[in-house]
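# Analysis of the macromolecular model
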Amino acid sequence: MSSLPRNENWTYVCYYKEGTVILGGLFPIHGYKGYDQCGSLLGPSRVQRLLAMAQAVDDVNNNPGILPGVTLGYAIFDTCSRESIALNQSLNFIHHRCDRKISCQKYSNLVGVVGASFSTSSILVSHLLALQQIPMISYISTSHQLSDKTQYPFFLRTATPDNLQAAAIVDLLQYFNWTYVSLVYSDGGYGFEGMRALQDEIEQTDICIATVQQVCRSSTDRHVEGVIQKLQSFPEARVVIMFTTIFETNMLLSASLRLNTTGQFVWVGSDGWGTTTEEMSGNEMAALGAITFQPARCAGSFAAFNAGKNNPWLDEMIAAGMIEKTTCNLTSDSCNAFMAAERDDPIVHYVRDAVFAYAHALDSLMKACGQKVECLLASSCKGVTLRDTLLNTTFDGSCGRVKFDANGDVMGRYDVRNLQRRADGGFEHVIIGKWDSLDRSISVDLDKIVWNWTRAPTYPQHQEYPYQHQKPKPHDVESEGSCHAEVPRSVCSEPCPADRQRVQRLNPCCWDCVPCPDNHVVVNGTCCVQCSLLETVEANECVTIPAVWLTHSSFTGMILTAISLGGVICTLAAFFIFLTHHEHPLVKASNKHLSRLILLGLFEGYTHVIVICMKPTYVTCLINRLMFGADFTLIYAPLLTKLNQVYRIFSGASTSVVKPRFIGSHAQVFISVLLVLMQLLLTSVNLILTPTKVMSVPTGSGDERGVQLACLTRDNNLHEVVASILYNLVIILLCAYYAFKTRSLPACYNESRFISFQVYTTVVLWVAFIAIYFSVSTPINRTICHAGVLMVNDTSALICFFGPKIYAVYKGKSASRVGVTGSGVYNGRCTTPYPRPPLSFSPASSADPSLKRVETAATDIFSLPSTRISE
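All values derive from a computational prediction rather than experimental measurement.

### Section: the overall build of the chain
- For the chain, the helix and strand inventory stands at 21 helices and 32 strands.
- Classification of the 871 residues of the chain by burial places 54% in the buried group.
- For the chain, contacts bridging at least 24 residues in sequence account for 70% of all contacts bridging at least 6.
- Total accessible area computed for the chain in this model is approximately 37,700 Å², and 56% of it derives from carbon and sulfur atoms.

### Focus: the pattern of salt bridges
- Overall, the coordinates contain 16 salt bridges when judged by the stated rule.
- In this structure, the salt-bridge partner of lysine 17 is aspartate 58, at a minimum N-O distance of 2.6 Å. Placement of the pair is lysine 17 in strand β1 (residues 14-17) and aspartate 58 in helix α1 (residues 44-61), with a sequence separation of 41 residues.
- In this structure lysine 17 comes out as buried when scored by relative accessible area, which is 12%.

### With respect to the packing of helix α15 (residues 592-612) against helix α20 (residues 779-811)
- As a packed pair, α15 and α20 sit with axes 9 Å apart at the nearest point and diverge in direction by 155 degrees. It follows from the interaxial angle that α15 and α20 lie roughly antiparallel. Two packed elements cross with a definite hand, and for α15 against α20 that hand is left-handed. Each of Ser595, Ile598, Leu599, Leu602, Gly605, Tyr606, His608, Val609 and Ile612 in α15 lies in contact with α20, whose residues at this interface are Thr783, His786, Ala787, Leu790, Met791, Asp794, Thr795, Ala797, Leu798, Phe801 and Phe802.
- Its residues placed into classes, the contact of α15 with α20 shows 13 nonpolar, six polar and one charged.

### Topic: the sheet that holds strand β20 (residues 427-436)
- As summarised here, the arrangement of the eight strands in space is β10-β9-β11-β12-β13-β19-β20-β21, forming an open sheet in which the pairing is mixed. Of all the strands in the sheet, just β10 (208-215) and β21 (441-444) have a single pairing partner and so form its edges. Recorded for the sheet is a direction-independent mean angle of 25 degrees between the axes of neighbouring strands.
- Here strand β9 (residues 180-186) pairs with β10 via six bridges, running parallel. In the sheet register, valine 184 faces β10, and the bridge partner there is glutamine 213.
- Of the strands in this sheet, β9, β10, β11 (239-243) and β12 (266-269) touch helix α6 (residues 221-232), which is tilted by about 175 degrees from β10.

### A look at the pairing of strand β4 (residues 37-41)
- Bridge count between strand β3 (residues 30-34) and β4: three bridges; the pairing is antiparallel. Bridge assignment links tyrosine 32 to a residue of β4, and that residue is cysteine 38.
- Two successive antiparallel strands, β3 and β4, enclose a turn made up of two residues, where tyrosine 35 displays a positive phi of approximately 55 degrees.

What counts, and at which threshold
Residues numbered from 1 in each chain as written. Predicted model: local features only at pLDDT ≥ 70, side-chain atom pairs only at ≥ 80, totals over all residues. Heavy atoms only, no water. Helix = DSSP H or I, 4+ residues; strand = E, 2+ residues; numbered from the N terminus. Buried < 20%, exposed > 50% of the residue type's maximum accessible area, 1.4 Å probe, protein only. Contact = heavy atoms within 4.5 Å. Areas by Shrake-Rupley, 256 points an atom, 1.4 Å probe, with all protein chains shown as cover. Salt bridge = Lys/Arg side-chain N within 4 Å of Asp/Glu carboxyl O. Axes fitted to C-alpha atoms, helices over the stretch in contact; angles between N-to-C directions. Parallel < 35°, antiparallel > 145°, perpendicular 65-115°, else oblique. Left-handed = near helix turned anticlockwise from the far one by under 90°. Nonpolar A, V, L, I, M, F, W, Y, C, P; charged D, E, K, R; others polar. Pairing = 2+ DSSP bridges.

Okay, here's the thing in structure tokens:
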């Protein structure tokens with residue numbers, strides 16, 4: 001082992017070891033300070049990677065089962081964390097004319113390169129090395145762009161590519177149900193390709209990206225602060241994915257500290273910055289609680305690395321305190337220095353796997369040519385042959401089985417890490433879960449996570465709070481750096497309640513929850529569907545409303561039933577009185593047969609009220625429709641026949657001795673029944689036109705909605721109601737006409753005042769009934785209206801038609817001296833009032849033959865005793 005002489009420009013210093021074949025190495029040992037100048041030495045995690053390569057080469061050389069008789073060597077260069085320097089250093093690995101800037105000799109026995117670190121560097125270097133068909137295996141370049149074999153035919157890697165890392169990040173978002181996130185990526189191949197891979201994965205899910213921002217290493221503080229403020233403008237997107245390197249990450253975290261936004265975001269980082277905490281440059285508080293992904297740690301990790309004296313950066317490592325133990329001073333020819341391994345850097349395993357991949361591939365080639373060492377130096381064992389052998393190489397690496405696919409990628413596993421603060425005040429990345437690409441599974445130990453976020457969404461100053469968010473109360477916002485176990489939310493819109501419709505905004509993850517109109521249910525959360533008018537909404541389901549009707553047990557039903565029963569009893573009592581006093585002159589003068597028909601109509605009306613209060617069925621509805629018009633016809637048809645009979649008798653007898661036709665009792669009953677049958681015929685026609693059926697009628701609105709049973713509806717039986725009313729109105733008006741015409745008849749036959757009163761009452765009731773019946777909206781109210789009209793009409797008819805007669809029957813002194821007039825009841829003989837002009841019943845002597853004929857006709861028809869006409 002020897003050390004090459006150093007150049008004044010230490011950028012090109014080489015860590016070299018001689019060997020039968022040489023492996024090149026590109027590692028960022030120093031930072032970059034501008035103008036292609038290297039900066040200070042990086043942290044131990046970066047330095048130990050180059051030591052891991054040197055130690056892996058030693059392990060191969062010490063293994064007799066691999067490459068027997070062959071010694072591996074290395075030539076490792078510092079890329080100074082800069083793409084241009086990495087490209088410049090890679091010129092050492094190709095055949096070209098030497099100049100004074102190259103401190104290492106040309107490596108004719110170089111077979112491959114391990115590196116580079118950053119994807120942007122690997123993209124440039126791979127293009128250059130491909131010109132001379134030199135394979136290149138990177139230990140950490142993860143850009144998905146490098147998987148394109150048409151562009152990078154000689155590139156392989158032992159690190160998991162970004163497309164798998166993007167899949168792991170998306171699986172984490174879905175695990176926590178984070179559906180609305182922001183994305184920040186760094187410039188260059190790593191960040192750009194990672195961003196594209198992440199977007200491709202997200203397109204296959206229901207996750208939305210609120211905003212995508214780019215950060216460059218050359219960005220000013222003002223620009224980076226603008227990125228933070230842009231992230232703040234999407235307060236619902238609490239989770240921010242950072243596909244950035246450690247340099248852009250520190251720029252963002254520093255801006256977050258300056259703007260005092262600590263705790264407002266939940267950072268989810270790629271493997272570009274979640275390796276160690278030593279590189280965070282004092283920004284740990286801003287990143288506290290961040291979740292990052294790193295290649296899975298492996299069992300049996302390195303305990304220490306041997307930093308030999310030929311290491312050109314050994315003095316810097318000692319000065320930086322990285323060397324744990326040294327056995328000699330730096331001037332000694334034989335000296336060994338040891339560096340303790342960083343416990344949280346899994347990249348060293350991928351460095352080791354890259355070295356062993358070359359070793360196993362070269363061993364396979366040497367076996368193929370008969371264990372001849374010389375064949376390894378032949379051009380036939382380099383270039384395409386070596387690359388193809390690498391692609392077909394399988395071996396047990398530091399973290400498990402290593403096998404390349406056709407794109408030079410390996411399947412991978414990731415550790416899910418959480419940045420936490422230790423009890424001593426330091427910071428560390430704690431492994432909280434695993435992700436495996438083989439079955440695309442993620443496991444997270446929620447008990448190990450420590451979050452650092454404010455409970456309530458935060459908004460930039462002067463920005464109004466969206467209506468779906470309430471302004472946080474003072475106790476909802478925790479102090480800076482506060483940690484708790486509650487998983488933060490990162491969704492644009494919370495799921496709508498079951499009774500709210502989701503109205504989509506432009507962003508598919510954002511919507512407004514809008515209440516549906518009355519009596520609507522939400523279907524699939526996106527549309528409102530109206531329930532039927534007979535249904536109501538309960539728990540976002542259409543539920544049939546139980547139908548109600550006017551029952552006898554209800555308060556109103558009990559009142560109506562009690563009154564109707566009372567009316568039935570009174571009607572039966574009147575019938576009994578007329579039946580037992582059928583020989584009374586006043587009963588005979590009232591035409592007992594027609595009076596009984598009227599009493600039958602009153603009885604029918606009162607019993608109809610009882611039927612009305614029953615549950616609407618086909619039978620009850622049929623009875624109600626038949627009785628609707630018959631209620632009045634049974635009362636006024638006999639009354640009309642009676643008045644017509646009296647009028648014809650007295651008007652005809654004054655001019656002729658011939659008795660008028662159809663004035664007998666049987667004829668009068670027949671005419672009355674005929675009039676009733678006409679009403680029933682009219683109803684029957686309506687029954688044919690509109691068959692009887694029970695209908696459920698919706699009533700009310702909002703919380704007072706209900707359903708009531710009804711026989712047809714107000715609109716369906718309109719013509720039937722109007723026809724029945726008009727028919728009965730004609731009969732009633734004819735009754736009023738004859739009552740007026742017979743107002744001058746003898747007192748025993750004159751009921752004009754009572755008839756007129758009853759007619760007027762009925763007309764008023766009809767007007768009120770029509771107005772109320774067609775204005776009320778519920779069947780029960782219409783039923784009450786109908787029942788009330790029937791009872792009032794029947795009661796007034798019972799009082800007007802039979803009350804005075806019954807009173808006269810029981811209070812009269814003698815049957816032969818009782819009369820009823822239009823104005824009351826008196827005792828006396830049936831006589832003709834004087835004077836009475838309308839029927840020309842002018843006063844005359846008792847010998848007037850015309851008056852004698854009137855009395856004779858009346859006596860004959862009504863079977864009254866003969867009367868005397870008095871002056």
